[in-house]
Amino acid sequence: MVALRMVILGRQGSGKGTQSARIVDHYGCVHVSTGDMLRAAREEGTELGRTAGEIMDRGDLVPDDVMIGIVGERLAKPDIVENGVLLDGFPRTTEQADALEDLLEEQDARLDVAVNLDVPLAEVRQRMLDRGREDDTPEAIERRLSLYEQQTEPLIDWFEGHGLLEVVDGVGTEDEVFARMQLVVDDRLAARY
Ligand code: AMP
C-alpha cells in the first residue's frame, strides 16, 4: 500500500466531495474532512461543537491551535499512519500548513501533493444555483465564494512555494476529472521523496 498523503482544495461546487470519495476508494487512504468533524462535534453537543458551531455560523475560522490539536490527534491514529490520508478542509491557513508539516514529520512522513480542483467561478455559480439548495441564494453564494478566495489564496501560495501544488482542471465528467487527478497523484507517488 502506498499510504498517500494528500490535500484537496476546491471551491464549493467544484466537485471536491465526489472526487474525494473516488480518491479514498482508489488509494485506500482515510478521508479527513475537518468541516465534517466539527459538524459531528456540534451534533454530539460536545464543548468543541458548541464553540465551533458559533464560529462556523459566522463564517469565521475556528482558531488554529484548536484545529491543529484535533487534526494532530486524528493523524496519529494507526489507520492513517498505515493507509495515509486525504485532507479536506485542512489546512485552511499557512499556520495550519506549517503545523501539518511538523505533524507528518513526527511520523517520518511528508505530504505528497496538494491538488487544487479548478473550476471557473462562472461554472461553480451555475452549479450551485442548479442545486437549488435553500441556503444557495445568489447573495450567499457570492459571499461564500469570495470568503473562500480570500482564505485560500495564501494557502495556494504556500503549497506552490513548497513544490506541492498541482492544479487539476475540474470541468468535465466525473470520470474525466478523476483520470486527471490520478495522473498527477501517480506521478507524485512515482517521484516520491
Ligand atoms: P467546510 O465544511 O470545510 O466548509 O467547513 C465548515 C466550517 O468549519 C468552516 O467555515 C470553518 O468555520 C470551520 N472549519 C473547517 N475546517 C477548518 C479549519 N481547517 N480551520 C478553521 N476552521 C475550519
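Look a little higher up for the structure.
For the structure given in this document, a descriptive report is provided here. Every chain is numbered independently, its residues counted from 1 as its sequence is written. Only residues with pLDDT of at least 70 get local features here, since the model is predicted, and only at 80 or more are side-chain atom pairs given and counted; chain-wide, interface and lining totals rely on the full set of residues. The side-chain values count all of the structure's non-hydrogen atoms but skip hydrogen atoms and water molecules.

This paragraph deals with a negative patch on the surface. Residues enter a patch when their relative accessible area is above 30% and they make no salt bridge; the linking distance is 9 Å between like charges and 5 Å between nonpolar side chains (Val, Leu, Ile, Met, Phe, Trp, Tyr). All accessible areas in this document rest on Shrake-Rupley with a 1.4 Å probe, and a residue is counted as covered only by the protein chains that are shown. For salt bridges, the criterion is a side-chain nitrogen of Lys or Arg within 4 Å of an Asp or Glu carboxyl oxygen. In this charge count, Lys and Arg are treated as positive and Asp and Glu as negative; neither His nor the chain ends contribute. Taken as the charge centre is NZ of Lys, CZ of Arg, CG of Asp or CD of Glu, depending on the residue. A cluster of acidic residues, Glu95, Asp98, Glu101, Asp102, Glu105, Glu106 and Asp108, forms a negative patch at the surface. Here Glu101 lies in helix α6 (residues 94-105). With a 1.4 Å probe rolled over the protein chains alone, any residue whose accessible area is under 20% of its type maximum counts as buried; one over 50% counts as exposed, and the rest are partly exposed. For Glu101, a relative accessible area of 39% translates into the label partly exposed. Runs of E in the DSSP output that reach at least two residues are strands. Runs of H or I that reach at least four are helices, and both are numbered from the N terminus.

Let us now look at the pattern of salt bridges. Opposite charge on two side chains lets them pair, provided their charged atoms get close. If you walk through the whole model with that rule in mind, you get 15 salt bridges. Arg74 is the partner of Asp79 in a salt bridge, and the nearest nitrogen-oxygen pair spans 2.7 Å. In this structure, the salt-bridge partner of Arg144 is Asp136, at a minimum N-O distance of 2.5 Å. Note on Asp136: relative accessible area 6%, which makes it buried. Beyond isolated ion pairs, a larger network of salt bridges with shared partners links Arg22, Glu174 and Asp175.

Another point: the site of the ligand. Put simply, a residue is near a molecule or strand once any heavy atom of it comes within 4 Å of that molecule or strand. Taken together, 13 residues are adjacent to the ligand, and Thr34, Arg39, Asp60, Gly89 and Gln96 come closest. Side-chain atoms alone can form a polar contact between residues adjacent in sequence; in general such a contact is a pair of N or O atoms within 3.5 Å, and within protein one must be able to donate a hydrogen while the other accepts it. In the model, an oxygen atom of the ligand is placed 2.6 Å from a nitrogen or oxygen of the Asp60 main chain. Backbone polar atom of Gly89 to a nitrogen atom of the ligand: 2.9 Å apart, as the coordinates give it. Contact with the protein chains removes 82% of the 480 Å² of surface that the ligand exposes when unbound. With 4 residues, helix α2 (residues 34-44) is the largest single contributor of residues to the shell around the ligand. When grouped by side-chain class, the residues that make up the shell around the ligand number 6 nonpolar, 4 polar and 3 charged. Polar here means any residue other than Ala, Val, Leu, Ile, Met, Phe, Trp, Tyr, Cys and Pro, which are nonpolar, and Asp, Glu, Lys and Arg, which are charged; Gly is therefore polar.

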